[in-house]
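Listed below, chain by chain, are the residues.
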Amino acid sequence: MSIFENYKTALKSLWNNRLRSFLTLLGIVIGVYAVVTLLAAAQGVQNQIGGFVEDFGPRTILVMPGESDSSGTPNFAAQAAPSTLLVDDIDYLKAHTTLIESVIDYAVFIGGLATHGDKKLTGMPVGITPGAEELFSIKIVTGRNFEQADLDKKNRFIVLSEAAADKLAVKVGETMNIGVDKFEVIGLFKIDQSLSISSAQGEMFLIPAPVANEINKSPQVNRIVVHSKTVEDVDRAITEVREALTTKHGTTDFTVMKPSEILKTVDQIINVLKYMVIGITSISLLVGGIGIMNIMLVTVAERTREIGIRKAVGATEGAILTQFLIESVLLTLIGSLIGIGLAAITSYLAAKFSPLEPAITGTTIMMAVGMGVVAGVIFGLLPAVRAARKNPVTALKYE
Amino acid sequence: MLHLKNARKRFTAGEVVNALDGVTLNITAGEFVGIIGPSGCGKSTLLYTLGLLDSVDEGEYSIDGMRVDEFSSRQRALLRNKKFGFVFQSFNLISRTTSFDNVLLPLLYSQTRGAATKVQRALEQVGVWNKRRNWPNQMSGGQQQRVAIARALVTEPEIILADEPTGNLDSKTGSEIMDLFKKIHAKGTTVVMVTHNPDLLEYATRIIEMRDGKIVSDKKVKR
Ligand SMILES: Nc1ncnc2c1ncn2[C@@H]1O[C@H](COP(=O)(O)OP(=O)(O)OP(=O)(O)O)[C@@H](O)[C@H]1O
Ligand SMILES: [Mg+2]
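These numbers come from a predicted model, not from an experiment.

1. Quick word on the site of ligand 1
Next, step 1: Looking at ligand 1, there are 14 residues lining it, with B:Ser39, B:Gly40, B:Lys43, B:Ser44 and B:Thr45 nearest.
Next, step 2: Those chains with residues close to ligand 1 are chains A and B.
Next, step 3: At a separation of 2.8 Å, an oxygen atom of ligand 1 approaches a polar backbone atom of B:Gly40.
Next, step 4: The contact in question runs from an oxygen atom of ligand 1 to an N or O atom on the backbone of B:Cys41, over 3.2 Å.
Next, step 5: Protein burial of ligand 1: of its 630 Å² of free accessible surface, 70% is covered by the chains.
Next, step 6: Put simply, the parts of the chain that give the shell around ligand 1 at least two residues each are helix 13 (392-397) of chain A together with strand 2 (17-27) and helix 1 (43-50) of chain B.
Next, step 7: Counting residues per element, the shell around ligand 1 draws most heavily on helix 1 of chain B, at 3 residues.
Next, step 8: For the shell around ligand 1, a count of residues per class yields 5 nonpolar, 6 polar and 3 charged.

Encoded structure:
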């Protein structure tokens, strides 16, 4: 019997029992839907992390206030306390290290409500040096960014996100307030990565770092960004920075780390999560598969006479086996496709209405279809073998 | 053409039954063999054995000189498809399937060209081409049996094996079906038929009588 005829026969039989076929499909649909949706979500997060990893070059070294715990994770409680890093740490690093580049960037957090006319916005005003914007994944779209001259002259300039400018109804060239201090808007940016560190904390306003120190009336800085001269030297540079600052502070009250490395760790954790998702959803596929096996056994029993007839007119055991296998594989294949379709719809809606950006990859689809087909073969095999082995004479007498 | 030698078949479900108890039988091309005997004497078992649907426990069976009792299940299926056509008492058409597709079925298991034409010819030959789109449950018993005969004929087999083909039909319809077999035989097809239908005696060229798994009489009828 040709493959085409086999498919025709299988489709006809599934259609003849369409309610039953549909109910049997559900198990596979739900399993595939779960695996594809969860993998798409994980993939989306990974894609975004991948963006950060690229933003932070492999030479970037970040110094944060506060001691890190034994596992190397920065102590986030220390972030709220007054910073242990000072502006003169930067000059000290320039003088006492050899492996890092001479341009050192830093960021200073300040407080204060952003206002323009009667519009108000809570946000995160940060004083930065031109290179430190690397920390925030931003891209200037209107106007310009700070230059070194703005820092030297302590110009009261501000750069903010388009979204924040919208909310404050402020344009480039106009002035606005951070707390009691007035700033001229010189540029607007958009945030490159939707999951960037900043967006979770509200709108971001960037001002020249020395101005921030002036407003804070303090030489404290919250982030120092250095770059090793070569990629190979990055780990030695970290040690050098740590030793230099420890000497100056007399204690290790700060953390030195490679952001790209941390993000890679997160990426690996998500990879592990992915395998867990596949594992857990495999269980639901197993349940769906058992449902298929059950129904196929019923189908084979119901069609005993038909099997006898087919054998009487010359069907080989192989032909009968193929016929029933195709039927179960078709069942799981249709189930997988429906599951993938539903997952695609869910991912689309999630991308539209949530900060997630789920991504269904070709690999995920192939895996889902593969799992469906394999489930069809595995769980269809026993019923199909039973059908093929039936004694034609007794099958023909079956009521 | 068919040579069965000392065939034995024993069923052990419940009491032990020797359905075939040392049957030796040769059937040559062109015969119309009628098999008669009391219920349970092994007629159907003999017919299924001849048609490779069932196998013997002991004895030899050869077709055209081939020892088919040594064939694999696959070889038997392929030979069955090519050589035999079955007609049953209970029609055995696949339900929810049109007459056309039922008759097409044997051709799906052999690589045949012009299948549609063959199906049409077979259905026309038995006079139910007009019922080609009907499902079995949309036809009378006589019509269903005609479709079943068309299915047996569609591969142009050398031998038609019929197991009480008129058993579920009234005598008038039964006679019509018997006439059909007569025509099929007249065209050169060998027919082996198990039946209680008295018309058989009119058409058969040979009558075999069985009892308790044995052939008790085997007579050629002169015409
Ligand atoms: N699958 C089976 N299992 C057990 N016994 C069987 C089986 N098939 C047939 N028999 C027995 O074998 C014997 C012959 O059966 P068979 O069907 O050949 O009889 P028959 O001559 O065709 O009878 P009838 O005229 O009633 O159709 C019977 O006694 C029957 O009970
Ligand atoms: Mg019988």
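2. As for the sheet that holds strand 2 of chain B
All names here are of chain B.
Next, step 1: What the 4 strands build is an open sheet, ordered 2-1-4-5; its pairing is antiparallel. Here the strands that pair on one side only, and so sit at the sheet edges, are strand 2 and strand 5 (66-67).
Next, step 2: Here 2 bridges tie strand 4 (residues 58-63) to strand 5, and the two strands are oriented antiparallel to one another. Counterpart to Ser62 in the pairing with strand 5 is Arg67.

3. Notes on the interface of chain B and chain A
Next, step 1: Taken together, the contacts link 22 residues of chain B with 21 residues of chain A.
Next, step 2: Between chain B and chain A, roughly 2000 Å² of surface is buried when both sides are summed, and carbon and sulfur atoms account for 59% of that area.
Next, step 3: Contact with chain A buries surface across chain B, with B:Arg96, B:Leu108 and B:Tyr109 losing the most and accounting together for 30% of the total.
Next, step 4: Put simply, chain B and chain A have 0 salt bridges between them.
Next, step 5: At the junction of chain B with chain A, the criterion picks out 8 residue pairs in polar contact (both at pLDDT 80 or more).

4. Details of the pairing of strand 10 (residues 214-220) of chain B
Along any regular strand the residues' side chains alternate between the sheet's two faces.
All names here are of chain B.
Next, step 1: Looking at chain direction, strand 9 (residues 206-211) and strand 10 are connected through 6 bridges and run antiparallel. By the bridge assignment, Ile208 is partnered in strand 10 with Asp218.
Next, step 2: What sits between the antiparallel neighbours strand 9 and strand 10 is a turn of 2 residues, in which Asp212 has the positive phi angle 50°.

5. Observations concerning the sheet that holds strand 3 (residues 32-36) of chain B
Sheets are built from strands that pair by backbone hydrogen bonding, the pairs being arranged parallel or antiparallel.
Residues and elements named next belong to chain B.
Next, step 1: Here we have 6 strands laid out as an open sheet, ordered 6-7-8-3-9-10, and mixed in their pairing. At either end of the open sheet lies a strand with only one pairing partner, and these are strand 6 (84-87) and strand 10. Ignoring strand direction, the axes of neighbouring strands in this sheet form an average angle of 15°.
Next, step 2: Relative to strand 7 (residues 159-163), strand 6 runs parallel, the two being bridged by 4 bridges. Opposite Phe86, over in strand 7, you have Leu161 as the bridge partner.
Next, step 3: In the packing of helix 1 onto the sheet, the strands contacted are strand 3, strand 6, strand 7, strand 8 (190-194) and strand 9, and the crossing angle to strand 7 comes to about 155°.
Next, step 4: Docked against the sheet, helix 2 (residues 73-83) engages strand 6 and strand 7, running at close to 80° with respect to strand 6.

6. Some thoughts on the pairing of strand 9 (residues 175-178) of chain A
Residues and elements named next belong to chain A.
Next, step 1: The sheet contact formed by strand 4 (residues 114-116) and strand 9 spans 2 bridges and is antiparallel. Bridging from a neighbouring strand, Thr115 pairs with Asn177 of strand 9.
Next, step 2: Direction of pairing for strand 9 relative to strand 10 (residues 181-191): antiparallel, over a ladder of 4 bridges. Residue pairing across strands places Asn177 opposite Lys182, the latter belonging to strand 10.
Next, step 3: Turn length for the strand 9-strand 10 hairpin, with the two strands adjacent in sequence and antiparallel, is 2 residues, and the turn residue Gly179 shows positive phi of about 60°.

7. A look at the domain arrangement of chain A
Next, step 1: Each domain of chain A was delimited in the assignment, giving domain 1 (3-51 + 265-397) and domain 2 (57-261).
Next, step 2: Placing the centre of domain 1 of chain A and that of domain 2 of chain A at their C-alpha centroids yields a distance of 52 Å.

8. Brief notes about the pattern of salt bridges
Next, step 1: With the rule as written, the count across this model stands at 30 salt bridges over all chains.
Next, step 2: A:Glu214 is the partner of A:Arg156 in a salt bridge, and the nearest nitrogen-oxygen pair spans 2.8 Å. Highlighted residues: A:Arg156 in the loop between helix 5 (148-152) and strand 8 (157-161) and A:Glu214 in helix 7 (residues 209-216), separated in sequence by 58 residues.
Next, step 3: A residue is classified by how much of its surface remains accessible, and A:Glu214, at 36% relative accessible area, is partly exposed.
Next, step 4: B:Glu70 is the partner of B:Arg67 in a salt bridge, and the nearest nitrogen-oxygen pair spans 3.5 Å.
Next, step 5: With relative accessibility at 30%, the residue B:Arg67 sits in the partly exposed group.
Next, step 6: Within the structure, one salt-bridge network assembled from shared partners comprises A:Lys154, A:Arg156, A:Asp181 and A:Glu214.

The rules behind these values
Residues numbered from 1 in each chain as written. Chains lettered and ligands numbered in written order. Predicted model: local features only at pLDDT ≥ 70, side-chain atom pairs only at ≥ 80, totals over all residues. Heavy atoms only, no water. Near = heavy atom within 4 Å. Polar contact = N/O pair within 3.5 Å; in protein donor to acceptor, adjacent residues only side chain to side chain. Areas by Shrake-Rupley, 256 points an atom, 1.4 Å probe, with all protein chains shown as cover. Helix = DSSP H or I, 4+ residues; strand = E, 2+ residues; numbered from the N terminus. Nonpolar A, V, L, I, M, F, W, Y, C, P; charged D, E, K, R; others polar. Pairing = 2+ DSSP bridges. Contact = heavy atoms within 4.5 Å. Buried area = accessible area lost by both parts, 1.4 Å probe. Salt bridge = Lys/Arg side-chain N within 4 Å of Asp/Glu carboxyl O. Axes fitted to C-alpha atoms, helices over the stretch in contact; angles between N-to-C directions. Domains from an automatic or database assignment. Buried < 20%, exposed > 50% of the residue type's maximum accessible area, 1.4 Å probe, protein only.

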